[in-house]
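Remarks on the overall topology
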Amino acid sequence: MIKKFIDKLLGKGVAEPIGKRVEVPKSEHGIDRNLVDERAIKVVDALADAGHEAYIVGGAVRDLLAGRVPKDFDVATDATPEQVKALFRRAFIIGRRFRIVHVVFGRGREHEVIEVSTFRALLAAPTAASGEAIEGNEKTSKGELAGRTHAVDTTGRVLRDNVWGSQLEDAARRDFTINAMYYDPRREIVVDYHGGIADMKRRKLRMIGDPAARYREDPVRIIRVVRFAAKLGFEIEAQTRAPIRQMVGLLDNVPISRTFDEMIKLLQTGHALASIEELKKQGLHRGVFPVLDVALDEAHRHDGREKFVQLALADTDRRVAEGKPVAPSFMLACLLWHDVQDRWNKIKAKGEAPVPALQQAVDAAFDARIGDISGRGKLAADMREIWLMQPRFERRSGNAPSSLVEQPRFRAGFDFLRLRADAGEADAALTAWWDEFAAADDEGRERMLAQVRAATPPRRVHAARPAAPAEPAVAEEGVDILVGEDAAPARRRRRRRRKPAGEGGSSPAAPAA
């Protein structure tokens, strides 16, 4: 009570928490504890043994209720980030907007991160009229944000949210009811404040609180609601859906890197095709993601583009379902390929050589569609390599094929070629040849290359036209005419005339032969 009173004096409006704590026993929720990651249980146990509350929270609880093994496990606790860090040997406090702790288990490729967050308070958002809202954003207002634990901009978007509170408040500030449930693996109960279990059974996606206000707090929720609806096959509740189209402009205030990451999640969680359809359903398929704009809105301009993109999305969904890895670079290369191809053809038409023209087209596509975010690092390098590899598949002579299959990104480049063949824009026989060549041993590869040489007609070499026969040379007095090898190029040598005999000179010159 004293803390809330002080917060009011300091201008930190404390919102009245909504929701009611309901503890659901295992007999009702039916979660199989064996599906819970043992490292997540270790984190909960360590916090509980230190006297703190700790629960598995969010999407992991949602997936456990659906009988699925969660991809990630998050833990929520009343311990502060510093208290959490002190309990684990490898724990790191990260983030400015939301300070959380990453507890790391294992090393290298096999490591796993359990994300631990502290219960957050539910605060009333400052308004622009009160003078408490921040003018600008994370980059332009760093000075104003320094040292602040809670801040919003003039649109209501939360820039800092590091005021700790109770579990009741923490549940109220989460986005959807199905993401606001807490699972205690020790007592095997689910704590549900907002009817999340009931919404799971009804297959409804419902926002906690006023949807318009919640979208203003974090406009990325507009994308998340689409992703969850597609992933879970849930219907977006009417009041949750109503403000979406009006609020979509708020995404312009969100850092490009965040919207880019959300787009990748839309396309790589195994429900890419459903996500695209949900975007169309909610009217969000235009103007939100520049990459998707070129892949979806301009499909009618390019023969085969729509088919190619659909095949790429379906292939990604299939790989996720089979537990195979998927790379964002491959998906983005597929989405932007025809844009690159169009630019490439235009540059070649101006007389530029094919390879430099392709490199210029790739640079132009990055500038127009991706900008200065993560596309400039390894992501861009992988995409570039996939694209630049495509013309090399046409060359099947000499050492080129053997050199190509040794490239680290050969498999990605080949899968891209295969998709092009499936869409009808590349030769299926060429794809089959490279598939066989990559699997063959040295002897088999040499035999395949010999077959290609034998089947390739020799290149016609145009012989130089023979020179017209020279007419017989006629000697002129005082001129030497050269023939044979010295006749090309023809030239004449003039000699100084000798003085006739009797004028003090030598004998007269002999006539030229």
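Relevant structure appears above.
First, a word on what this report is: a plain description of the structure on this page. (Residues numbered from 1 in each chain as written. Predicted model: local features only at pLDDT ≥ 70, side-chain atom pairs only at ≥ 80, totals over all residues. Heavy atoms only, no water.)

With that settled, the discussion passes to the packing of aromatic side chains. Under the defined criterion, the tally for this structure stands at 15 aromatic pairs. Relative to Tyr182, the ring of Phe119 lies with its centre 6.2 Å away and its plane at 85°, an arrangement referred to as edge-to-face. Here Phe119 is found in the loop between β6 (112–118) and α6 (142–145), whereas its partner Tyr182 is found in strand β9 (residues 181–184), with 63 residues between them in sequence. The pair formed by Phe119 and Tyr182 is uniform in burial state, with each residue classed as buried. When the centroid spacing of 5.2 Å and the interplanar angle of 85° are considered together, the rings of Trp433 and Trp434 count as edge-to-face. Among the aromatic residues, those joined into a ring-pair cluster are Phe393, Phe410, Phe414, Trp433, Trp434 and Phe437. For the cation-ring pair, Arg445 lies above Phe437, with the distance from its terminal atom to the ring centre recorded as 5.1 Å. (Phe/Tyr/Trp six-rings, centres within 6.5 Å; stacked < 30°, edge-to-face > 60°. Helix = DSSP H or I, 4+ residues; strand = E, 2+ residues; numbered from the N terminus. Buried < 20%, exposed > 50% of the residue type's maximum accessible area, 1.4 Å probe, protein only. Lys NZ or Arg CZ within 6 Å of the ring centre and 35° of its normal.)

All right, on to the sheet that holds strand β3 (residues 74–77) then. Read from one edge to the other, the open sheet built from eight strands follows the order β1-β10-β9-β2-β3-β6-β5-β4, with strand pairing classed as mixed. Looking at the sheet topology across the chains shown, the edges are occupied by β1 (22–24) and β4 (91–94). Each strand axis lies, on average, 30° off the axis of its neighbour in the sheet, ignoring direction. As judged from the four bridges shared by β3 and β6, these two strands associate in the parallel manner. For Thr77, the partnering residue across the bridge sits in β6 and is Thr118. (Pairing = 2+ DSSP bridges. Axes fitted to C-alpha atoms, helices over the stretch in contact; angles between N-to-C directions.)

Time to look at unusual backbone geometry. The phi angle at Glu188 is positive, at roughly 55°, despite the residue not being glycine. Along the chain, Glu188 falls in the loop between β9 and β10 (189–192). Of note, Arg203 is a non-glycine position whose phi angle comes to about 60°, a positive value. Here Arg203 shows up in the loop between α8 (196–202) and β11 (204–205). Owing to a relative accessible area of 43%, Arg203 belongs among the partly exposed residues under this scheme.

Here we come to helix α17 (residues 328–349). End to end, α17 covers 31 Å across 22 residues, agreeing with the expected 32 Å (1.5 Å per residue, within 8%). Taking the largest bend as the criterion, α17 deviates by roughly 50°, centred on Leu336. Once α17 ends, the next one or two residues include Gly351, with phi positive near 105°. (Expected span 1.5 Å × (residues − 1). Bend = angle between axes of the 7 residues up to and from the residue.)

Applying the stated criterion across every chain yields a total of 37 salt bridges. The partner of Glu217 in a salt bridge is Arg214, and the shortest N-O contact between them spans 2.9 Å. Of this pair, Glu217 and Arg214 both sit in helix α9 (residues 211–217), three residues apart, which is roughly one turn of the helix. Residue Arg214 is classed as buried on the basis of its relative accessible area of 5%. In this structure, Asp415 engages Arg411 in a salt bridge whose closest nitrogen and oxygen atoms are separated by 4.0 Å. Here Asp415 and its partner Arg411 are both found in helix α21 (residues 410–422), four residues apart, which amounts to about one turn of the helix. Residue class for Arg411 comes out partly exposed when judged on its relative accessible area of 42%. Overlapping salt bridges, with partners in common, bring together Asp315, Arg318, Glu322, Lys324, Arg411, Asp415, Arg418 and Asp422 in one network. (Salt bridge = Lys/Arg side-chain N within 4 Å of Asp/Glu carboxyl O.)

As judged from the four bridges shared by β4 and strand β5 (residues 100–105), these two strands associate in the antiparallel manner. By the bridge assignment, Phe92 is partnered in β5 with His102.

This paragraph deals with helix α14 (residues 272–281). Listed in full, the buried residues belonging to α14 are Ala272, Ser275, Ile276, Glu278 and Leu279. What you see down the axis of α14 is that its buried residues fit within an arc of 160°, all on one side. The positive-phi residue at the C-terminal boundary of α14 is Gly283, with phi of around 70°. (Arc of directions from axis to C-beta.)

This part covers the packing of helix α16 (residues 305–321) against α17. Geometry of a packed helix pair, given as the angle between the helix axes and the separation of the axes. At a closest axis distance of 9 Å, the pairing of α16 and α17 adopts a crossing angle of 165°. When the interaxial angle is binned, α16 and α17 end up roughly antiparallel. α17 is crossed by α16, and the crossing has right-handed handedness. Residues Arg305, Phe308, Val309, Ala312, Leu313 and Thr316 of α16 form the contact with α17, whose participating residues are Met331, Cys334, Leu335, Trp337, His338, Asp339 and Asp342. (Parallel < 35°, antiparallel > 145°, perpendicular 65-115°, else oblique. Left-handed = near helix turned anticlockwise from the far one by under 90°. Contact = heavy atoms within 4.5 Å.)

So, about the pairing of β3. Consecutive side chains of a regular strand alternate in pointing toward one face of the sheet and then the other. When strand β2 (residues 54–57) meets β3, the two strands line up antiparallel, connected through four bridges. Bridged to Ile56 within β3 is Val75.

What follows concerns the environment of Leu404. Summarising the element assignment, Leu404 is placed in helix α20 (residues 400–405). Distance from Leu404 to Arg392, taken between C-alpha atoms, is 7.7 Å for residues 12 residues apart in sequence. Among all residues touching Leu404, those that are not within four sequence positions of it are Met389, Arg392, Phe393, Phe410 and Trp434.

With that settled, consider the packing of α16 against α21. At a closest axis distance of 9 Å, the pairing of α16 and α21 adopts a crossing angle of 130°. The angle between α16 and α21 places the two elements in the oblique class. The way α16 lies across α21 gives a crossing that is right-handed. Mapping the contact onto sequence places Lys307, Phe308, Leu311, Ala312 and Asp315 in α16 and Phe416, Arg418, Leu419, Arg420 and Asp422 in α21.

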